[in-house]
Amino acid sequence: MNYFLYLFFNYLLVGVVYSAIIYYLLLGERKFALRILLALILAWTVSYLIKSIFYFPRPYLALGLEPLYSHPSDGSFPSAHTATTFAVAFTVFRRHKKLGFNLLVLSGLVAAARVVYDYHFWIDIAGGLLLAKLIDSWQSS
């Protein structure tokens, strides 16, 4: 059961959030879909640049726990899952409040699951959220 929940929160919900790109492409809003994709790529790239410069161990490593699912032992700060899903959600929220709000809720569930399953500390989530908001602010200026 834990394994199913892990897959649900960490992959299925992430896929649902990312599918906003496909949704807007199908609506014929190519420019907006590209804007969402840009937010996702920026969030992912900057997250991994930060991780490569500043290494902070993941909770399961720092606390000597066995991870539920095999995971690379790269740095935990900031959470790339959080940064990318919230970057997509913030971008959508600026144009379509209702869908954006739903994506924000799903992104929050993904972020919480990353902590529950010992892949991130809350500070990693906060860092990912801050990065997503900075990207959103940059895109809206």
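Definitions and cut-offs
- Residues numbered from 1 in each chain as written.
- Predicted model: local features only at pLDDT ≥ 70, side-chain atom pairs only at ≥ 80, totals over all residues.
- Heavy atoms only, no water.
- Axes fitted to C-alpha atoms, helices over the stretch in contact; angles between N-to-C directions.
- Helix = DSSP H or I, 4+ residues; strand = E, 2+ residues; numbered from the N terminus.
- Parallel < 35°, antiparallel > 145°, perpendicular 65-115°, else oblique.
- Left-handed = near helix turned anticlockwise from the far one by under 90°.
- Contact = heavy atoms within 4.5 Å.
- Nonpolar A, V, L, I, M, F, W, Y, C, P; charged D, E, K, R; others polar.
- Buried < 20%, exposed > 50% of the residue type's maximum accessible area, 1.4 Å probe, protein only.
- Polar contact = N/O pair within 3.5 Å; in protein donor to acceptor, adjacent residues only side chain to side chain.
- Core = buried A, V, L, I, M, F, W, Y, C linked by side-chain atoms within 4.5 Å.
- Salt bridge = Lys/Arg side-chain N within 4 Å of Asp/Glu carboxyl O.

1. Comments concerning the packing of helix α5 (residues 80-95) against helix α6 (residues 97-116)
- At a closest axis distance of 7 Å, the pairing of α5 and α6 adopts a crossing angle of 170°. As the angle between them shows, α5 and α6 are arranged roughly antiparallel. In this structure, the crossing between α5 and α6 has a hand that is left-handed. Here His81, Thr82, Thr85, Phe86, Ala89, Phe90, Val92, Phe93, Arg94 and Arg95 of α5 lie close against α6, whose contacting residues are Lys97, Leu99, Gly100, Phe101, Leu103, Leu104, Ser107, Gly108, Val110, Ala111 and Arg114.
- Residue composition of the contact of α5 with α6, by class: 11 nonpolar, 6 polar and 4 charged.

2. Here's the deal with the side chain of His120
- Mapping His120 onto the fold places it in the loop between α6 and α7 (122-140).
- For His120, a relative accessible area of 2% translates into the label buried.
- Separated by 3.4 Å, the side chains of His120 and Arg58 make a polar contact.
- Within the local environment of His120, its side chain forms a polar contact with the side chain of Asp124, the two groups lying 3.4 Å apart.
- Apart from residues no more than four positions distant in its own chain, His120 is found in contact with Lys51, Arg58, Pro59, Ser76, Pro78, Ser79, Arg114, Val115 and Ile125.

3. Topic: the nonpolar core
- Counting residues in hydrophobic clusters, the biggest one holds 29 residues, and the most contacted among them are Tyr24, Ile36, Phe86, Val88, Val92 and Leu103.
- At the level of elements, α1 (2-18), α2 (20-26), α3 (30-53), α5, α6 and α7 are the ones that each hand at least two residues to this core.
- A per-element tally of this core places α5 first, with 7 residues.
- Among residues more than four places away in sequence, those in contact with Phe86 are Leu104, Ser107, Gly108, Ala111, Leu129 and Ala132.
- If you look at the next biggest cluster of nonpolar residues, it comprises 5 residues, including Tyr6, Tyr60, Ala113 and Tyr119.

4. Some thoughts on the pattern of salt bridges
- Within this structure, the stated rule accounts for 4 salt bridges.
- For Arg95, the salt bridge goes to Glu29, with nearest N and O atoms at 2.5 Å. In this pair, Arg95 is assigned in helix α5 and Glu29 in the loop between α2 and α3, connecting sequence segments 66 residues apart.
- On the basis of relative accessibility, which here comes to 44%, the residue Arg95 falls in the partly exposed class.
- Given a relative accessible area of 23%, Glu29 falls into the partly exposed group.
- Residues Arg94 and Asp136 are paired through a salt bridge, measuring 2.9 Å at the closest nitrogen-oxygen approach. On the criterion of sequence distance, the pair formed by Arg94 in helix α5 and Asp136 in helix α7 is long-range, its members being 42 residues apart.
- When its relative accessible area of 3% is taken as the criterion, Asp136 is described as buried.
- Connected via shared salt-bridge partners are Arg94, Lys133 and Asp136.

5. Section: unusual backbone geometry
- Residues Phe77 and Pro78 are joined by a peptide bond in cis, for which omega reads -10°.
- Note on placement: Pro78 falls in the loop between α4 (59-62) and α5.
- Although it is not a glycine, Asp118 adopts a positive phi angle of roughly 60°.
- With respect to the helices and strands, the residue Asp118 is situated in the loop between α6 and α7.

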